Structure formats: structure tokens, C-alpha cells
Amino acid sequence: MTGQLRHMLRDDDVTHEEQKQILELGMKFRENRFYHRPFEGPQAVAVLFDKPSTRTRSSFATGVAELGGYPLVIDKSGSQLGRGEPVADTSRVLTRMTSAIVWRTFGQDRVEEMAKYATVPVVNALTDTFHPCQILADLLTIAQFRGGVDALPGMTIAYFGDAANNMANSYLLGGAVAGMHVRVAGPYGYLPDPQIVADAERIAAQTGGSILVTTDPQEAAKDADCIFTDTWVSMGEEAEYAVRSKPFWDYQVNDELMALAKPDALFQHCLPAYRGKEVTASVIDGPQSVVWDEAENRLHAQKALLTWLIGQQRGDADLLS
């Protein structure tokens, strides 16, 4: 089999069948954390951070090690990227020394530039526009609790809050790829980019899903299988919380909103969470919350993604199953 270099820069970089393959691998890693070890050697995987992180850092560092590799973790302050070295130059260097590159950064253009010059897989570990690794973990969590990966198509997921952020964008695309009915609810002025919505609608038309963008939280919540939210204020905007949070109070995930969803609806949050703001303590700490499994599934989903990407590059069918 001839290998093919693939990257994961946004959620629709994989097809429905490819996403399913990755998620099924993730389920196998849940059962056996050492199911595959494609980076034995150890081979290095560069894990770059321009933004603070808890879950992304711990899950990728642990995951690369469990895949038999060496996580080369580089903070912004510890690299020449932080001093203005061109992304292309960094890519040219890292691609000669590592087996994959993972980057948590700001602009989507940065990971795209990294991938342009890389000869190894590049993974978007979060940008201002997309967070595909989180969505893979979230879908894996639904599969874990609701009958496996084959149960995802046709399910309804609903996201509430800042609908113009990276999480909303990734739910739209990733959910559409999965064949789900995706609902995104937020206030005027905080709705998704129309182009991303159009991309999601095009994909949903092919996979049997659907897309709803609304300002009505009740409409989005009705009979949903899973409810999602995210912090109302992104990193670096904490000082503006009182002002920025005002438009979002009607989109708080509380007991009343959860009651509109299916009786067994799951609640997920990518974390960190602020109880009493985007979600009440009664919900995130309640019986329908699966946020801790969701956080753990970052590990399994990302190991599956890295394994799948390296399997594609090497043309190794064993790593794809």
C-alpha cells in the first residue's frame, strides 16, 4: 500500500468513514491503552504550545509516551517561534527530527503554514477557529455511553453560548461529518461564520445529518441527545468577563434547559468550567454529566488520531484497524 501524508487541521479533513475509523480506534484504546505503539523507538512527536493548557498538554504528552514515542513538548517561550522565527522555517526543521507535529496556537493560518512545509502529519491541538481533537473526544464519549460509534449518525447534539468560537465551529463540522443533527444556539453578534455553516450544511447533506443555527436556546435543546457548552470568555479576555458575559445568560445550561432535552441526555463541557456561569453546579456535577470521561477521552481519541495519521503515511493497514 502506498502511504499518503495526511493532516488534521480542521474537523472536515476526514470523511465520514475515516472519522468512524478513528473513533473505533479510540474505543479500542479505551479498552487497551497500549493497543498500538506506532512510535516505538522512541520516535519523537513535537508538541508545541503557544497557549496555556492542562488537558491538551497532559493528554498528548501521556498519549505519545503510551504510543511508544517521546513527547518533545515545547512552550512558546522556549522556542524561536516565540521570537518571530517564520513558521515555515520551524516546520522545515521539526519535520526532519520528529514523526509528527502537534500545535496549540492562535491563528488557523499558522497550523496551515506548518502543514504546508511539513513532511510528517500535523495536528491542530486548538486554534482560534477550530478544536478538532476535542470534538473527536466528545464524539467518542457519546459512543462510549450510547451504544458505540455506529450509534452516532442520526443523534442530535446541541451547543449553547458563544456560537462564534472554535468549539461551535468544530461541533458544526465534526458533527456533520458524523451524520448528526447539529444545533448551535447563541445570541445575535455571536453566531458562526456563514462559510463554516455552509460547509457543515454541505457535509450534512451527504452524511444524513442536519444543521440548525438559532438564537432560541429552547429550540436547540428540545429532545437533544447531548448538550454542550463552553466558557463564555476565552483565554486573555478574563478582565472583560462582566461585559462579555451579559449576552450569554439566556444560554446558561441549567436544570431547566436540560429538562427540554431527552430524559437520558448527556452533558459535556470541554473544560475549564465556571460553575454558576455557563453551567450550573447541579448540571456539571449531576448524574447526566460525563465531563470526566470526556476529559479522559482526549487521551484515547488523540492516540487514535495519531495512530491513524501515521498509518496513512506509512501505508500500514494494521494501524488503521
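Residues numbered from 1 in each chain as written. Predicted model: local features only at pLDDT ≥ 70, side-chain atom pairs only at ≥ 80, totals over all residues. Heavy atoms only, no water.

S.K.: So, the overall build of the protein: which residues are in play, and what are the values?
M.R.: Looking only at helices and strands, one finds 12 helices and nine strands in the protein. Relative to the globule expectation of 20 Å for 321 residues, the C-alpha radius of gyration of the protein, 19 Å, shows essentially globular dimensions. Overall, the C-alpha framework of the protein stretches about 55 × 45 × 35 Å when taken along its three principal axes. Across the protein, the fraction of contacts at a sequence separation of at least 24, relative to all contacts at a separation of at least 6, is 76%. Of the roughly 12,800 Å² of accessible surface on the protein, a fraction of 50% belongs to carbon and sulfur atoms. Of the side chains in the protein, 29 bear a positive and 42 a negative charge, and the two mean positions are spaced by 5 Å. (Helix = DSSP H or I, 4+ residues; strand = E, 2+ residues; numbered from the N terminus. Rg over C-alpha atoms; globule rule 2.2 N^0.38 Å. Contact = heavy atoms within 4.5 Å. Areas by Shrake-Rupley, 256 points an atom, 1.4 Å probe, with all protein chains shown as cover. Lys, Arg positive; Asp, Glu negative; His and termini not counted. Charge placed at Lys NZ, Arg CZ, Asp CG, Glu CD.)

S.K.: An account of the packing of aromatic side chains is needed here, citing residue identities and associated values.
M.R.: One pass over the structure, following the stated rule, counts six aromatic pairs. Seen in terms of ring centroids, Y171 and F228 are 4.4 Å apart; in terms of plane orientation they differ by 40°. Their pairing is tilted. On the criterion of sequence distance, the pair formed by Y171 in helix 6 (residues 166–177) and F228 in strand 8 (residues 226–229) is long-range, its members being 57 residues apart. Judged by centre distance (4.8 Å) and plane angle (80°), the rings of W232 and W249 are edge-to-face. With W232 in the loop between strand 8 and helix 9 (241–244) and W249 in the loop between helix 9 and helix 10 (255–260), this pair connects stretches of sequence that are 17 residues apart. Classification of W249 as partly exposed rests on a relative accessible area of 40%. (Phe/Tyr/Trp six-rings, centres within 6.5 Å; stacked < 30°, edge-to-face > 60°. Buried < 20%, exposed > 50% of the residue type's maximum accessible area, 1.4 Å probe, protein only.)

S.K.: How would you sum up the sheet that holds strand 5 (residues 156–160)? Please name residues and give values.
M.R.: Hydrogen bonding along the main chain pairs the strands of a sheet, whether they run parallel or antiparallel. Taken in spatial order, the five strands make up an open sheet running 7-6-5-8-9, and their pairing is parallel. Looking at strand neighbours, the two that pair on one side only are strand 7 (210–214) and strand 9 (266–269), the edges of this open sheet. Recorded for the sheet is a direction-independent mean angle of 15° between the axes of neighbouring strands. Here strand 5 pairs with strand 6 (residues 181–185) via five bridges, running parallel. Looking at strand 6, one finds that Y159 is bridged to V184. Seen against the sheet, helix 5 (residues 132–145) touches strand 5, strand 8 and strand 9 and runs at an angle of roughly 155° to strand 9. (Pairing = 2+ DSSP bridges. Axes fitted to C-alpha atoms, helices over the stretch in contact; angles between N-to-C directions.)

S.K.: Hey, could you go over the sheet that holds strand 3 (residues 100–104) for me, with residue numbers and the actual values?
M.R.: Taken together, the four strands give an open sheet; going across it, the order is 2-1-3-4, and neighbouring strands pair in parallel fashion. A single partner strand is all that each edge strand has here, and the edge strands are strand 2 (70–75) and strand 4 (122–126). Averaged over all pairs of adjacent strands, the angle between their axes in this sheet comes to 20°, without regard to strand direction. As paired strands, strand 1 (residues 44–49) and strand 3 are joined by five bridges and run parallel to one another. Paired with L48 across the bridge in strand 3 is W103.

S.K.: Kindly report on the domain arrangement of the protein, identifying the contributing residues and their values.
M.R.: Domain boundaries in the protein define domain 1 (7–131 + 298–315) and domain 2 (134–294). The C-alpha centroid of domain 2 is placed 24 Å from the C-alpha centroid of domain 1. With 29 residues of domain 1 at the interface, the matching set in domain 2 holds 33 residues. Taken over both partners, the interface formed by domain 1 and domain 2 buries close to 2,400 Å², and the fraction arising from carbon and sulfur atoms is 65%. The interface formed by domain 1 and domain 2 holds two salt bridges in total. In this structure, the salt-bridge partner of R10 is D199, at a minimum N-O distance of 3.1 Å. At the boundary of domain 1 with domain 2, the tally comes to 14 residue pairs in polar contact (both at pLDDT 80 or more). Elements represented by at least two residues in the side of domain 1 that touches domain 2 include exactly helix 1 (16–31) and helix 12 (291–314). Counted by class, the side of domain 1 that touches domain 2 contains 10 nonpolar, eight polar and 11 charged residues. (Domains from an automatic or database assignment. Buried area = accessible area lost by both parts, 1.4 Å probe. Salt bridge = Lys/Arg side-chain N within 4 Å of Asp/Glu carboxyl O. Polar contact = N/O pair within 3.5 Å; in protein donor to acceptor, adjacent residues only side chain to side chain. Nonpolar A, V, L, I, M, F, W, Y, C, P; charged D, E, K, R; others polar.)

S.K.: I'd like to hear about the UniProt feature "domain: Aspartate/ornithine carbamoyltransferase carbamoyl-P binding" (unreviewed entry) in the protein, residue by residue, with values.
M.R.: When the UniProt feature table is mapped onto this chain numbering, "domain: Aspartate/ornithine carbamoyltransferase carbamoyl-P binding" (unreviewed entry) sits at residues 6–143. What you have in residues 6–143 is 44% helix and 16% strand, and the ends, taken at the C-alpha atoms, are 25 Å apart. (UniProt positions renumbered as here; feature names shortened; annotations may be inferred.)

S.K.: So, the nonpolar core: which residues are in play, and what are the values?
M.R.: Membership of the largest hydrophobic core comes to 64 residues, with the highest contact counts inside it found for M180 and L306. Element by element, the count of residues in this core is highest for helix 5, at eight residues. Apart from the residues lying within four places of it in its own chain, the contact partners of M180 are L139, I142, L152, G154, M155, I157, G175, G209 and S210. Of all hydrophobic cores here, the second largest spans 20 residues; its members include A158, I227, L271 and V283. (Core = buried A, V, L, I, M, F, W, Y, C linked by side-chain atoms within 4.5 Å.)

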